[in-house]
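A closer look at the structure
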Amino acid sequence: MSKKTGLALLSLLIIFTGLGAGAAYAYTPNSGARFNDPAGDRAAENTSMIHIRKSIESAKKGSVIRIATYSHSRKDITNALIKACKQRNVSVQMVINDNFISRTTKRLRNVLGSNIEPHFKDACNPRDKAKGETKHPEPSYLKVCFQSCRKGAGNQHMKFYLFSETGETKNVTMVGSTNISRYAARTHFNDLFTQADRSGMFRDYSFIHHQLAQDRRVKKVYRKYKHGDLVSEFGAVVARGAKDPVARRLRQVSCAGGTQIRVIMYAWVGDRGLFLARRVADLQRKGCNIKAILSGASRDVKQALKSGGVAIRSADIDLDNNPATGFGDTAWDRFTHEKWMSLNGKWAGKQQKVVWTGSDNWSGLSFLNDEVTIKIPRASVWAQYNSHFDFVWNHRSRAF
């Protein structure tokens, strides 16, 4: 073999094994929505998990990854985070709720530590004080919050994933209903919206993440940010009745022309849930075209929707006819965990196609939790959510 041929073969090996800065397998997380299908094959189950993992694997040397999640138990994602930390000096910062700390979470915390202040013995970017080096300004850590971190009650219920630079893009924000667990992939329907190349959005979500990591009450829990056409709201507003943030949203709907509304909602329950169900039913009576896919909805919520003519189906599925094997004290082996509403019609005096998604269930508990909701007024994203709704309605749900 000539020297020239050998070099050519070595170059091909580097490309096809994904080694080097110009690896063929580098992944760029493009903007748009993704949904997993727990009733599909392994790839369909793990659509969002693969998206997150590949984004971690493609995080550039010296970049920052910030994660806020309710639960975490993915070995593959933990391995990817540790590799990014140790091999590429990527700063990894994770905040998680305290309801369940998995073995995988403990392993990651053992690597990263829980010190949120810059320090010399940082896991991902160690510095030598004796050599006159300064502490790395972006410390790596895994912080388990007490309750909701910023509110002092409820849960840290937000799920967002931030990447300062990954693949061929920068300032990536992912937000939706997706927790990083195997259970979520195999049991839940979940959504995840990605926005790339928006520095202001990355900055503001990073500010919220920093507040979460501080793990203490803040005076101003509710924050609203506008990033181009996107609007993000953090911290559930405790506002009953007509002042409820979802009720205010519904009040701006005009049913003229048969405005289409689609809702997929987990935990539509309680006094708040019933109040919102009645508002949705009122819109159906006024001429809107409304369908809802439910999981865990209370009986009075379902009755209020039915009495108003709203078409409803359930994503709660008992696969083995054994109530003892379901989620919690239910018989469900599969259900939707999504929390979103889409609209095609007139809203706030304007004809538009818009989606609201995030971590906020239509229940009173969400007022105690720390939540995030994002408004996405894009026809392309609406089409993705609408297509997903139709798929679940036609192929993954049942009549009540």
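These lines cover the structure that appears in this document, whether it is placed above or below.

Basis of the calculations
- Residues numbered from 1 in each chain as written.
- Predicted model: local features only at pLDDT ≥ 70, side-chain atom pairs only at ≥ 80, totals over all residues.
- Heavy atoms only, no water.
- Disulfide = S-S within 2.5 Å.
- Helix = DSSP H or I, 4+ residues; strand = E, 2+ residues; numbered from the N terminus.
- Buried < 20%, exposed > 50% of the residue type's maximum accessible area, 1.4 Å probe, protein only.

**Some words on the state of the cysteines**
Two cysteines, two sulfur atoms, one covalent bond between them: this is a disulfide. Following the criterion strictly, the structure yields three disulfides and no others. Cys-85 shares a disulfide with Cys-124; S-S distance 2.1 Å. The sign of the -105° torsion about the S-S bond sets the Cys-85-Cys-124 disulfide as left-handed. Pair noted here: Cys-85 is in helix α4 (residues 75-88) and Cys-124 is in the loop between α5 (103-112) and β4 (141-144), with a separation of 39 residues, a long-range link. In this structure, Cys-85 and Cys-124 share a single accessibility class: buried. Sulfur-sulfur distance for the disulfide between Cys-145 and Cys-149 comes to 1.8 Å. Residues Cys-145 and Cys-149 share a disulfide whose torsion about the S-S bond is about 110°; that sign makes it right-handed. Taking the relative accessible area as the measure of exposure, Cys-145 reaches 2% and is therefore buried. Overall, the relative accessible area of 2% leaves Cys-149 in the buried class. Within the chain, bonded cysteines paired by disulfides and numbered along the sequence follow the pattern 1-2, 3-4, 5-6.

**Comments concerning unusual backbone geometry**
The phi angle at Cys-149 is positive, at roughly 70°, despite the residue not being glycine. Along the chain, Cys-149 falls in the loop between β4 and β5 (160-166). With a phi close to 55°, Asn-321 is a non-glycine residue in the positive phi region. Given a relative accessible area of 70%, Asn-321 falls into the exposed group.

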